[in-house]
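Residues per chain are reported as follows:
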Amino acid sequence: TGPVAINQELPRWFPVDAVSQLRDFVGAVRVHVGADGRVESAEMVRTVHPAYDGRLLRAAETWTYQPARAKGVAIPSDIVIQVVLRPR
């Protein structure tokens, strides 16, 4: 089974300009979850927004999961999280 999020809080989105306030932004981040459920690394698969990506990667480092399991044993795994930013 794959990892299950315990804490996967996204940082707040504050549009930086008028154009950013009017459109959606979609991207994805890949996290490597260790057998202990902690994120060992994170990388952008598809940029969300240049002003947001760094904050997203820093937040991802604090996320926690129930680790993936194979035959009942916790194992490291990767998961890709799609992120959608929408104007208020």
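Structure first, text after, so check above.
Each chain has its residues counted from 1, following the order in which its sequence is written. Where totals are concerned, whole chains, interfaces and linings use all residues; where local detail is concerned, this predicted model gives features only for residues with pLDDT of at least 70, and gives and counts side-chain atom pairs only at 80 or more. The basis for the side-chain values is all heavy atoms of the structure; hydrogens and waters are excluded.

Colleague: I'd like to hear about the pattern of salt bridges, residue by residue, with values.
Modeller: The working definition used for a salt bridge is a side-chain nitrogen of Lys or Arg within 4 Å of a carboxyl oxygen of Asp or Glu. Evaluated as defined, the whole model comprises two salt bridges. Salt-bridge contacts for Asp 24 lead to Arg 86; the nearest nitrogen and oxygen are separated by 3.4 Å. With Asp 24 in the loop between strand E1 (4-7) and strand E2 (25-33) and Arg 86 in the segment after strand E7 (77-85), this residue pair connects regions lying 62 residues apart in the sequence. Burial classes follow relative accessibility: with a 1.4 Å probe on protein chains only, a residue under 20% of its type's maximum area counts as buried, one over 50% as exposed, and anything between as partly exposed. Relative accessible area serves as the criterion here: at 36%, Asp 24 is assigned to the partly exposed category. Assessed through its relative accessible area of 56%, Arg 86 is described here as exposed. Note that Glu 43 and Arg 30 form a salt bridge whose closest N and O atoms lie 3.0 Å from each other. A residue pair is termed long-range when its members are at least 10 positions apart, and Glu 43 in strand E3 (residues 39-46) and Arg 30 in strand E2 qualify at 13 residues. Only DSSP runs of H or I covering at least 4 residues are called helices, and only runs of E covering at least 2 are called strands; the numbering of each starts at the N terminus.

Colleague: Describe the packing of aromatic side chains, listing the residues and the values that go with them.
Modeller: Working definition: an aromatic ring pair is given by the centre-to-centre distance plus the angle between the planes. Note on ring pairs: Phe, Tyr and Trp rings are taken, using the six-membered ring of Trp, and paired if centres are within 6.5 Å. Classes follow the plane angle, with under 30 degrees stacked, over 60 edge-to-face and the rest tilted. Tallied over the entire structure, the rule returns two aromatic pairs. Centroid distance Trp 13 to Phe 25: 5.9 Å. Interplanar angle 70°. Geometry classified as edge-to-face. Here the residue Trp 13 occupies a position in the loop between E1 and E2, and Phe 25 occupies one in strand E2, the gap between them amounting to twelve residues. Take Trp 13: its relative accessible area is 11%, and that puts it in the buried class. Ring pairing ties together the aromatic residues Trp 13, Phe 25 and Tyr 52, which thus form one cluster.

Colleague: I'd like a description of the side chain of Asp 53, backed by residues and values.
Modeller: Within the fold, Asp 53 resides in helix H1 (residues 50-60). Charged residues are defined narrowly, with Lys and Arg counted positive, Asp and Glu counted negative, and His plus the chain ends left uncounted. Put simply, Asp 53 is tucked away with no salt bridge, and the nearest opposite charge, on Arg 46, sits 9.6 Å away. Filtering out sequence-adjacent residues up to four positions away, Asp 53 remains in contact with Met 44, Thr 47 and Val 48. What makes two residues a contact is simply this: any of their non-hydrogen atoms within 4.5 Å.

Colleague: Can you tell me about H1, naming the residues and giving the values?
Modeller: When H1 is considered as a whole, its buried residues turn out to be Tyr 52, Asp 53, Leu 56, Ala 59 and Ala 60. Each buried residue of H1 sits inside an arc of 130° when the element is viewed along its axis, so together they form one side. Every exposed residue of H1 that faces more than 90 degrees away from the buried side is listed here: Pro 50 and Arg 58. Arc definition: directions from the helix axis to the C-beta atoms.

Colleague: Give me the nonpolar core: which residues, what numbers.
Modeller: Of all hydrophobic cores here, the largest spans 16 residues; its most connected members are Val 31, Val 48, Tyr 52, Leu 56, Trp 63, Tyr 65 and Leu 85. Secondary-structure elements contributing two or more residues to this core are E2, H1 and E7. Once residues lying within four places of it in the same chain are set aside, the contact partners of Leu 56 are Leu 10, Pro 11, Val 29, Met 44, Val 48, Trp 63 and Val 83. Residues belong to one nonpolar core when they are buried, are Ala, Val, Leu, Ile, Met, Phe, Trp, Tyr or Cys, and are joined through side-chain atoms within 4.5 Å.

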